[in-house]
Structures are given as C-alpha cells and as structure tokens.
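# Structural overview for review
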Amino acid sequence: LREELALAMRRDLIQKVPFFRDADEDLLRDIVMALRPIVYIPGSYVIREGEVGDCMYIISSGAVEVVSQDGRRVFTVLPEGSFVGEMALIFQTERTASVRARGYCDLYVLTKRSFDFILTRHKDFAVHMREIAETRRKESLQRDSNG
C-alpha cells in the first residue's frame, strides 16, 4: 500500500522525467520509494564544484543553472524533469560543476546507497545511466578545455 501511494503521489514526476517513461513497474517502485523531497530557494546552491558526490537530484518543479565555480558563468539551465549529480555517483569523482536554484525548486534526492542498490537490481537502467553520465562527462571536459 505504501508503494502504491508513493507511486500515485509522484506520478507527475514520473511523467516529467524522460528515462522514467519507459521504465518497468519494478524500477519505478524502487526509485519512487528511495526518493526524498527537498526545496531550494532562489540562488541557493544544490551542488558545489569539487565536492564529493553522495546523491543525485531530480527536478520536480522549477529550474536549476549549471554554473562556473565562481557562479558568474551559466553553462546551461535544466528544467523540471531533468536530473543532476549522477556523474559523481557513477564515476565516484568530485562534482564537476556547481548547480544553483534559479527560482524556487522542488527537487527529489536519490542517495548513492539507494542509487547503487537500484543499479544492481536493474541492469538496463544501469547501462542507460552510465551512457548519460559518460556523455555529460565528455561535455564537461570539452567545456573545461574551452575555458
């Protein structure tokens, strides 16, 4: 019953996140049960470049900016349905960029422990997440080399 309630309450989030749309019910249950809500106010930092990553975030409402370490340069804006922080979890590295709330943001946190558990249970999802993280890592390296 708790799982059904969590799925129903987070159905809107599931519809917004592209990689959830084709996910099977077991994967959705595991993710939804592991997510924890958190709210950020405008201008607050969700992630700081150089920190050790221990979680990833899914944007339920609002938008975040991926910014330079000093916060002066905005590299990209991520809208609801996007996610950040997966690279540090997959590659076990420091955060490669800072992320700041553009306005009021409702996010969901997925801890490394829960993330790793989900990856071991859902191999196709693990492959998909690694592909996304690898693409983002290449983009980050290219961005860093361009100054």
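Look a little higher up for the structure.
Here goes a summary of the coordinates provided. Note that the structure is a prediction, hence the values are computed from the model and not measured.

### Some words on the pairing of strand β7 (residues 98-101)
Side chains Ser 98 and Arg 100 project from β7 onto one buried face, and the interleaved Val 99 and Ala 101 project onto a second face that is buried too. Sheet analysis places strand β2 (residues 45-47) next to β7, joined by 2 bridges and oriented antiparallel. Within β7, the residue paired with Tyr 45 across the bridge is Arg 100. The pairing of strand β4 (residues 64-67) with β7 spans 4 bridges and is antiparallel. When the sheet's bridge partners are listed, Val 67 is paired in β7 with Ser 98.

### Let's talk about the pattern of salt bridges
For the structure on display, the rule yields 6 salt bridges. One salt bridge in this structure joins Asp 30 and Arg 121, with 2.7 Å as the shortest N-O distance. Here the residue Asp 30 occupies a position in helix α4 (residues 25-34), and Arg 121 occupies one in helix α6 (residues 112-121), the gap between them amounting to 91 residues. Here Arg 121 falls in the partly exposed class, since its relative accessible area comes to 46%. Connected through salt bridges with shared partners, the residues Glu 65, Arg 100 and Arg 102 form a single ionic network.

### Things to note about the packing of aromatic side chains
Within this structure, the stated rule accounts for 1 aromatic pair. With a centroid separation of 6.3 Å and an interplanar angle of 80 degrees, the aromatic rings of Tyr 40 and Tyr 57 are classed as edge-to-face. Residue Tyr 40 is located in strand β1 (residues 36-40), and its partner Tyr 57 is located in strand β3 (residues 55-61); the two are separated by 17 residues in the primary sequence. Classification of Tyr 40 as buried rests on a relative accessible area of 11%. Between Arg 48 and the ring centre of Tyr 45, over which it is positioned, the NZ or CZ distance is 3.8 Å. Geometry around Phe 91 places Arg 137 over its ring, the cationic atom sitting 3.9 Å from the centre.

Definitions and cut-offs
- Residues numbered from 1 in each chain as written.
- Predicted model: local features only at pLDDT ≥ 70, side-chain atom pairs only at ≥ 80, totals over all residues.
- Heavy atoms only, no water.
- Buried < 20%, exposed > 50% of the residue type's maximum accessible area, 1.4 Å probe, protein only.
- Helix = DSSP H or I, 4+ residues; strand = E, 2+ residues; numbered from the N terminus.
- Pairing = 2+ DSSP bridges.
- Salt bridge = Lys/Arg side-chain N within 4 Å of Asp/Glu carboxyl O.
- Phe/Tyr/Trp six-rings, centres within 6.5 Å; stacked < 30°, edge-to-face > 60°.
- Lys NZ or Arg CZ within 6 Å of the ring centre and 35° of its normal.

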